[in-house]
There are 2 protein chains.
Amino acid sequence: MMLHTLLISISLGLIAFQADGSEPASSNVPKAAYPRILNDGSVTFRLKAPEAKQVTLQPGGGDNGLGKKAIPMERGPDGNWSATVPKPVPGFHYYWFVVDGAIVNDPGSEAFFGWGRACSGVEIPEPGVDFHAFRDVPHGEVRAAWFRSKVTSQPRRVMIYTPPGYDQSTEKYPVLYLQHGAGEDERGWTAQGRANFILDNLIAAGKSRPMIVVMSNGYATRAGQAEKPFDFAGFEAVLIEELVPWIDGHYRTVADRDHRALAGLSMGGMQAIKIGLAHLDTFASIGAFSAPVPGKFETKTANGGVFADPAKFNGRVRLFWVGAGTGEGFIDGMKTMHEALEKARIKHVYFESPGTSHEWLTWRRSLHDFVPKLFRQ
Amino acid sequence: MMLHTLLISISLGLIAFQADGSEPASSNVPKAAYPRILNDGSVTFRLKAPEAKQVTLQPGGGDNGLGKKAIPMERGPDGNWSATVPKPVPGFHYYWFVVDGAIVNDPGSEAFFGWGRACSGVEIPEPGVDFHAFRDVPHGEVRAAWFRSKVTSQPRRVMIYTPPGYDQSTEKYPVLYLQHGAGEDERGWTAQGRANFILDNLIAAGKSRPMIVVMSNGYATRAGQAEKPFDFAGFEAVLIEELVPWIDGHYRTVADRDHRALAGLSMGGMQAIKIGLAHLDTFASIGAFSAPVPGKFETKTANGGVFADPAKFNGRVRLFWVGAGTGEGFIDGMKTMHEALEKARIKHVYFESPGTSHEWLTWRRSLHDFVPKLFRQ
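Throughout, residues of each chain are indexed from 1 in the direction in which the sequence is written. Lettering for chains starts from A, numbering for ligands starts from 1, and both go in the order in which the items are written. Local features are withheld for residues below a pLDDT of 70 in this predicted model, meaning they are given only at 70 or higher, and side-chain atom pairs are given and counted only at 80 or more; totals for whole chains, interfaces and linings count all residues. The basis for the side-chain values is all heavy atoms of the structure; hydrogens and waters are excluded.

1. Quick look at the sheet that holds strand E3 (residues 43-48) of chain B
Residues and elements named next belong to chain B.
Thought 1: Reading across the sheet, the five strands line up as E1-E2-E3-E7-E6 and stay open at both edges, with antiparallel pairing between neighbours. The open sheet has two free edges, formed respectively by strand E1 (23-24) and strand E6 (74-75), since each of these has just one partner strand.
Thought 2: The pairing of E3 with strand E7 (residues 80-85) spans six bridges and is classified as antiparallel. Residue pairing in the sheet places Phe45 in a bridge with Ala83 of E7. Two strands make a pair as long as DSSP finds a minimum of two bridges between them. A run of DSSP states H or I qualifies as a helix once it reaches four residues; a run of E qualifies as a strand once it reaches two. Both are numbered from the N-terminal end.

2. Points about the sheet that holds strand E7 (residues 80-85) of chain A
Residues and elements named next belong to chain A.
Thought 1: A sheet is described by the order of its strands in space; here five strands give the open sequence E1-E2-E3-E7-E6, paired in antiparallel fashion. Each of the sheet's edge strands pairs with one partner strand only, and the pair in question is strand E1 (23-24) and strand E6 (74-75).
Thought 2: With two bridges joining them, E1 and strand E2 (residues 36-37) adopt antiparallel strand pairing. Directly across from Pro24, in E2, lies its bridge partner Arg36.

3. Looking at the pattern of salt bridges
Thought 1: Throughout this description, the term salt bridge denotes a Lys or Arg side-chain nitrogen within 4 Å of a carboxyl oxygen of Asp or Glu. Scanning the model with the defined rule gives 32 salt bridges over all chains in all.
Thought 2: Across the pair B:Arg143 and A:Glu141 runs a salt bridge whose closest N-O atoms are separated by 3.1 Å. A residue pair is termed interchain when its members come from two chains, as with B:Arg143 in strand E12 (residues 141-148) and A:Glu141 in strand E12 (residues 141-148).
Thought 3: The cut-offs for exposure are 20% and 50% of the maximum accessible area for each residue type, with area from a 1.4 Å probe on protein chains only; residues under the lower value are buried, those over the upper are exposed, and the others partly exposed. Using a relative accessible area of 0% as the deciding quantity, one classes B:Arg143 as buried.
Thought 4: Its salt-bridge partner being B:Glu126, residue B:Arg365 comes within 2.5 Å of it at the nearest N-O pair. Of the two residues, B:Arg365 sits in helix H9 (residues 360-370) while B:Glu126 sits in the loop between strand E11 (117-124) and E12, which places them 239 residues apart along the sequence.

4. Focus on the domain arrangement of chain A
Residue and element names in this part refer to chain A.
Thought 1: Domains assigned within chain A are domain 1 (14-124) and domain 2 (141-373).
Thought 2: For domain 1 versus domain 2, the separation of C-alpha centres amounts to 31 Å.
Thought 3: Contact between two residues is taken to exist if any of their heavy atoms lie within 4.5 Å; hydrogens are not considered. If you look at the interface, domain 1 gives 17 residues, while domain 2 gives 18 residues.
Thought 4: Two parts placed together each lose some accessible area; with a 1.4 Å probe, that loss summed over both constitutes the buried area. Of the roughly 1,200 Å² buried where domain 1 meets domain 2, counting both sides, 48% is carbon and sulfur surface. Where a domain begins and ends is set by an automatic assignment or by a domain database.

5. Structural notes on the nonpolar core
Thought 1: With 80 residues, the main nonpolar core has A:Leu176 and B:Leu176 as its most contacted residues.
Thought 2: Residues in contact with A:Leu176, not counting those within four places in the same chain, are A:Met211, A:Ile212, A:Val213, A:Val214, A:Ala261, A:Ala263, A:Leu367, A:Phe370, A:Val371, A:Leu374 and A:Phe375.
Thought 3: Nine residue types can take part in a nonpolar core, namely buried Ala, Val, Leu, Ile, Met, Phe, Trp, Tyr and Cys, and a core is a set of them joined through side-chain atoms within 4.5 Å. If you look at the next biggest cluster of nonpolar residues, it comprises 50 residues, including B:Met267, B:Ala272, B:Phe297 and B:Ile346.

6. Overview of the interface of chain A and chain B
Thought 1: Contacts between the two partners involve 62 residues from chain A and, on the opposite side, 63 residues from chain B.
Thought 2: Taken together, the two surfaces of chain A and chain B that pack against each other cover about 5,100 Å², and 65% of this comes from carbon and sulfur.
Thought 3: Linking chain A with chain B are eight salt bridges, by the criterion used here.
Thought 4: Across the salt bridge formed by B:Arg148 and A:Asp136, the nearest N and O atoms sit 2.9 Å from each other.
Thought 5: Here a polar contact means two N or O atoms within 3.5 Å. Within protein one must be a hydrogen donor candidate and the other an acceptor candidate, and residues neighboring in sequence count only if both atoms are side-chain atoms. At the surface where chain A touches chain B, the tally comes to 20 residue pairs in polar contact (both at pLDDT 80 or more).
Thought 6: Elements represented by at least two residues in the side of chain A that touches chain B include exactly helix H1 (2-11), strand E9 (102-104), strand E10 (111-114), strand E11 (117-124), E12 and helix H3 (195-204) of chain A.
Thought 7: Residue contributions to the side of chain A that touches chain B peak at eight residues, all from E12(A).

Structure follows, in structure tokens:
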């Protein structure tokens, strides 16, 4: 009886393909017809809420590619509420509905951990662009592994990308430690970011050296202590004292600073700058994607003076990469940093993602630019 | 600014620990205070929906351990609606809210793919029982891998448990193919079922032989064909023609029938019986957990007559395992099958999970009983 009920519930009103050429977003669960990408790149959202008084569509984030404001939805005679966002910026955008004051995920969307919870997300395709798509190339694995942290006293799950052929090879690989943003977790870079497919495609094209990518949770609080937001001391201890040695002990890594990088997006970019530059004996390459730069950036004094001697910095840091989307607020800080670095003749890469906001297409493009520059001889 | 907003949103009203000894369910997202397990094992649900007219709690399934019926929630003066379920059956139970007619996930719950979509779930602990918990033993990995299916023409993700020490060893391992239920997917057995921790704990205790567990999506439609519910022909082709050879080609397996098992829960149990018994050249061991048995089960005629010659069956099948929870409807079919097998002197194992329903504690216990009986010399 349960199976029968289920069968009916997944058959009703979920017609995936229509004659107008529109199609379900690739971020949908199987058979969900909405959100729906229209021929011109617009997207229609729909939610069944027959008794609701008011339903709005809430883009997740102040400068998300779906728009800055809540979007009113209109009730149809069948109890379905809908809204069409005309030609949003391509990329992956978090969103949710608000039904009579309640925050509501879209039953049609796969769940993506963001904003501190399981969140809806919609993939707006960029025509002709598939660097982050599944292609018919050799694929790496994304492995979940667990260890008990002594720092936090809690179990921690870590996601590890191993490149195609890892199991069949005896080679040792360089390692990129890659961090998510605030409110996200260790699943973000693969579920939302498609980091594994980006790496698969770059490696298949000979554009990137095969590498291991370690994606861990950027939140960590020392056992018995209160959590201080954006302090990162707990995570720094986990990363340096526990995770790096654990990865080197369990995977075939080239275990030296030249073959280790630390990068991240938003909060993860702050961590890459703060922790990476404080541990240049561990990491020789650093990437900050859309990282907020708190206060005024001065090369003489920033990060304990690590930039104060440009020749020393240039000799020691193999890659220092900063970038953001041109449609997001955090680009100002990244650009200011870039200009100060340029002026001080500090070697670095500055990247702009045209037209994109503080969202995952910016970070996919960032990763796609960053990775080929890593671990070059 | 976005970070700041986020920070506020995750600080407000989310006090995790209270002096009364109640605590957040382990299935919650970090920092979510509700659902909340009370001292006596009862569970309180809460949802903020200040403008809603009616909110109900819907247990996911006709005989779910939370009860059979929708549970009305009461509005508090702060716009929070709440309901307490007194002493539900322990286990993992799907649920959702209905807010003015809209199906709404709980923002406090992690998302679990069930009922054809991302679904809320609550873990009701069973006092003193930790066979499925993270314990301080060596841990295996859960790997996501991808291949393109020629049968469906689509990419497929498959989840693969490799036992502790797999990378450091040169040993070959037997393989259990383990299927989810209707409306679920390849993530179910680890996210809801904790299969990896169950295996880790059994292996650490010396109760189970180390093995590889392959968890793949039980839905598959031949390219260009319509999907027939509960037909399984597409999945049978994917499993036999593609997945088994692909696993044997990419992992260190003992690639023979004696070292291959097929098991599953509910719909996956139907698949194990139907496909497994039709391919005894591929699988020597079969497990059906809470499988619906359609029609009347007659050993003379069932499954193309495979049971008709008990001596032949007993010689060929190394393990035939059927079981269910005593609190679920499907136990009748499993029991009828057991009695018919018993009468015909067909070797099998029959298992009852005391007090549990058609939910994941039944299937965790089933796996925990089934796995140690596999691949014995």
